[in-house]
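These are the residues of each chain, in order.
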Amino acid sequence: MSATTQLRDFIAGIYRAAGVPAADAGTVAGLMAQADLIGADGHGVFRLPQYIRRLRAGGMNPRAVPRIVEERPASALIDGDNGLGHLATSMAARTAIEKARTQGVAWCGVRNGNHAGPASLYARMVQEAGMIGLYLAVGSANHLPPWGGLELLLSTNPIAVAVPAGDEPPIMLDMATTVAAYGKVKVKAQRGEAMPEGWMIDHQGQPLTDPKRANEGLLLPIGGYKGYGLALIFGLLAGTLNGAAMGRDVVDFNADDTTVTNTGQAVLAIDISAFGDPAEFRRQVDALSRDLRGSKRLPGVDRIWLPGEQSRLTRLKREAEGVPIPPALRSQLDALARDLGATPLAA
């Protein structure tokens, strides 16, 4: 049995012990293990203790049944029934793919969802179906003020875009609208590491590098006021449009295990054949990728990376060597397994 399979089976066993139906436990476990494989360490098994706390405290519904509540030929709105976020969001991706096959383009929104892991998971689902995928979400806690302000009224509101290629790897952009996603801050805190300057500032505008003091600080947007604008627009599209939480209504799921978060997401699928020959499109993506990678470099730069290449290399390495689990996290997971009477994670 591979290390990845062991991790997936461990996560699924924990969920089953917490009352999640076996099929749903397997779906979410597979997506969380994929997050760890690509190096999204703040969104994989790291989140398991937090998800279980919310399930046990009543903040999430362990037996949720996501369903379509509004539908047109090229769109759908999915109510996640306050279940594990991965369930409703993966349903949105599958629905968008199905609709785009006949409509050319499809947009599916989610309301009443929850944190669903890294954005790239859902853009990748669409890309693996041969389409261009786009994913937007409202983050699960507000860590960003409006530009020039101090009140935390916006979240990291991420975007992911996945573009198929031919012989080259697909282009995979996955980014928060803040310099660092808050999950990275939490990972730094657990590992006892300092944050780089530029991730957060305190209320006096000074750099904040101690992740254990993150609740005293503000995340910084990418590109200054431009990142603030992107966070606002992505939140309107993934949250407000779907009837999901945005602004003051966003619940901090890091601190509150009992309140329904009503997290919003959106998935867009674009069928390339609606715009031309898919094979020719992939050929052009390959050519552009090679041009960018082979272009002249600044002194001291060893390689020009395309979005998604480093995650792909991390995935190959971890598929071969396994996912590294820091000691502090392993202790948490072992304690969780003992508490639920589940099988512990193999060493």
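Novice: Just to check I follow, could you spell out the sheet that holds strand 5 (residues 159-163) for this structure?
Specialist: Across a sheet, strands are paired by hydrogen bonds formed along the backbone, either parallel or antiparallel in direction. An order of 1-2-3-10-4-5-6 is seen for the 7 strands of this open sheet, with the pairing classed as mixed. Because the sheet does not close on itself, it has two edges, and the strands there are strand 1 (67-72) and strand 6 (171-175). Sheet twist, expressed as the mean angle between neighbouring strand axes with direction ignored, is 10 degrees. Taken together, the 6 bridges between strand 4 (residues 132-137) and strand 10 (residues 263-270) define a ladder with antiparallel strand orientation. From the neighbouring strand, L136 faces strand 10, where its bridge partner is A266. Packed on one face of the sheet, helix 4 (residues 85-103) meets strand 1, strand 2 (75-79), strand 3 (105-113), strand 4 and strand 10 and runs near 160 degrees to strand 3.

Novice: It is not clear to me how the sheet that holds strand 7 (residues 200-201) should be interpreted in this structure. Could you clarify?
Specialist: With antiparallel pairing, the 3 strands of this open sheet are ordered in space as 8-7-9. The sheet terminates laterally at strand 8 (207-208) and strand 9 (218-219), the two strands that pair on one side only. In the sheet, strand 7 pairs with strand 8 via 2 bridges, with the strands oriented antiparallel. Pairing of I201 across the sheet is with P207, part of strand 8.

Novice: What is the right way to read the packing of helix 2 (residues 22-37) against helix 4 from this model?
Specialist: A pair of packed helices is captured by two measures, namely the crossing angle of their axes and the spacing between those axes. With their axes 9 Å apart at the nearest point, helix 2 and helix 4 run at an angle of 80 degrees to one another. Regarding the angle of helix 2 to helix 4, the classification is roughly perpendicular. Across from D24, T27, V28, L31 and M32 in helix 2, the residues of helix 4 making contact are H86, L87 and S90. By residue class, the composition of the contact of helix 2 with helix 4 is 4 nonpolar, 3 polar and 1 charged.

Novice: Just to check I follow, could you spell out the side chain of H115 for this structure?
Specialist: Its location among the elements puts H115 in the loop between strand 3 and helix 5 (120-128). Judged by relative accessible area, which is 11%, H115 ranks as buried. There is a polar contact of 3.4 Å between the side chain of H115 and the side chain of H43. Side-chain polar atoms of H115 contact the side chain of Y51, separated by 2.6 Å.

Novice: Teacher, can you tell me more about the nonpolar core here?
Specialist: General note: in soluble globular proteins, nonpolar side chains tend to be found buried as a group. In terms of nonpolar packing, the biggest core is built from 33 residues, with F10, I11, I14, Y15, V45, L48 and L84 touching the most fellow members. Listing elements by their share of this core, those giving two or more residues are helix 1 (3-17), helix 2, helix 3 (48-57) and helix 10 (327-340). Listed in part, the 27 residues of the second largest apolar core include A93, V110, A119 and L121.

Novice: Teacher, can you tell me more about the packing of aromatic side chains here?
Specialist: Aromatic ring pairs are reported here in terms of the distance separating the ring centres and the angle at which the planes meet. Evaluation of the coordinates by the stated rule reveals 1 aromatic pair. For the cation-ring pair, R303 lies above W305, with the distance from its terminal atom to the ring centre recorded as 4.0 Å.

Novice: So what exactly am I meant to see when it comes to the environment of K212 here?
Specialist: If you trace the backbone, K212 turns up in the loop between strand 8 and strand 9. Measuring from C-alpha to C-alpha, the distance between K212 and A189 comes to 5.6 Å, with 23 residues separating the pair along the chain.

Novice: Please explain the pattern of salt bridges as it appears in this structure.
Specialist: Two side chains carrying opposite charge are able to pair once their charged atoms lie near each other. Applying the stated criterion across every chain yields a total of 18 salt bridges. Of the charged contacts, one joins R111 and D79 as a salt bridge, the two residues approaching to 3.3 Å between their closest N and O atoms. Here R111 is found in strand 3, whereas its partner D79 is found in strand 2, with 32 residues between them in sequence. For D79, a relative accessible area of 8% gives the class buried. In this structure, E193 and K188 form a salt bridge, with 3.3 Å as the shortest nitrogen-oxygen distance. The exposure class of E193 is partly exposed, given its relative accessible area of 34%.

Novice: What's the story with the side chain of R124 in this structure? I'm lost.
Specialist: In this fold, R124 is placed in helix 5. Although R124 lies buried, it forms no salt bridge, and the closest oppositely charged side chain, E128, sits 4.9 Å away as judged by the N-O distance. Once you skip the residues sitting within four places of it in the chain, R124 turns out to touch I38, A162 and M172.

Novice: Explanation requested: helix 4 in the structure shown.
Specialist: What sets the pattern is the α-helix's 3.6 residues per turn: residues three or four places apart point alike. With 19 residues, helix 4 should cover 27 Å at 1.5 Å per step; its first-to-last C-alpha distance of 26 Å lies within 8% of that length. Phi turns positive one or two residues past the end of helix 4, at G104, with a value near 90 degrees.

Novice: Explain the packing of helix 2 against helix 5 to me, please; I cannot follow it from the model alone.
Specialist: Relative orientation of the contacting elements helix 2 and helix 5 amounts to 100 degrees, with a least axis distance of 10 Å. The angle between the axes of helix 2 and helix 5 places the two elements in the roughly perpendicular class. On helix 5, the residues that touch L31, Q34 and A35 of helix 2 are L121, Y122 and M125. The residue inventory of the contact of helix 2 with helix 5, partitioned by class, reads 5 nonpolar, 1 polar and no charged.

Parameters at a glance
- Residues numbered from 1 in each chain as written.
- Predicted model: local features only at pLDDT ≥ 70, side-chain atom pairs only at ≥ 80, totals over all residues.
- Heavy atoms only, no water.
- Pairing = 2+ DSSP bridges.
- Helix = DSSP H or I, 4+ residues; strand = E, 2+ residues; numbered from the N terminus.
- Axes fitted to C-alpha atoms, helices over the stretch in contact; angles between N-to-C directions.
- Contact = heavy atoms within 4.5 Å.
- Parallel < 35°, antiparallel > 145°, perpendicular 65-115°, else oblique.
- Nonpolar A, V, L, I, M, F, W, Y, C, P; charged D, E, K, R; others polar.
- Buried < 20%, exposed > 50% of the residue type's maximum accessible area, 1.4 Å probe, protein only.
- Polar contact = N/O pair within 3.5 Å; in protein donor to acceptor, adjacent residues only side chain to side chain.
- Core = buried A, V, L, I, M, F, W, Y, C linked by side-chain atoms within 4.5 Å.
- Phe/Tyr/Trp six-rings, centres within 6.5 Å; stacked < 30°, edge-to-face > 60°.
- Lys NZ or Arg CZ within 6 Å of the ring centre and 35° of its normal.
- Salt bridge = Lys/Arg side-chain N within 4 Å of Asp/Glu carboxyl O.
- Lys, Arg positive; Asp, Glu negative; His and termini not counted.
- Expected span 1.5 Å × (residues − 1).

Geometric descriptors of this kind do not, in isolation, establish any biological role.
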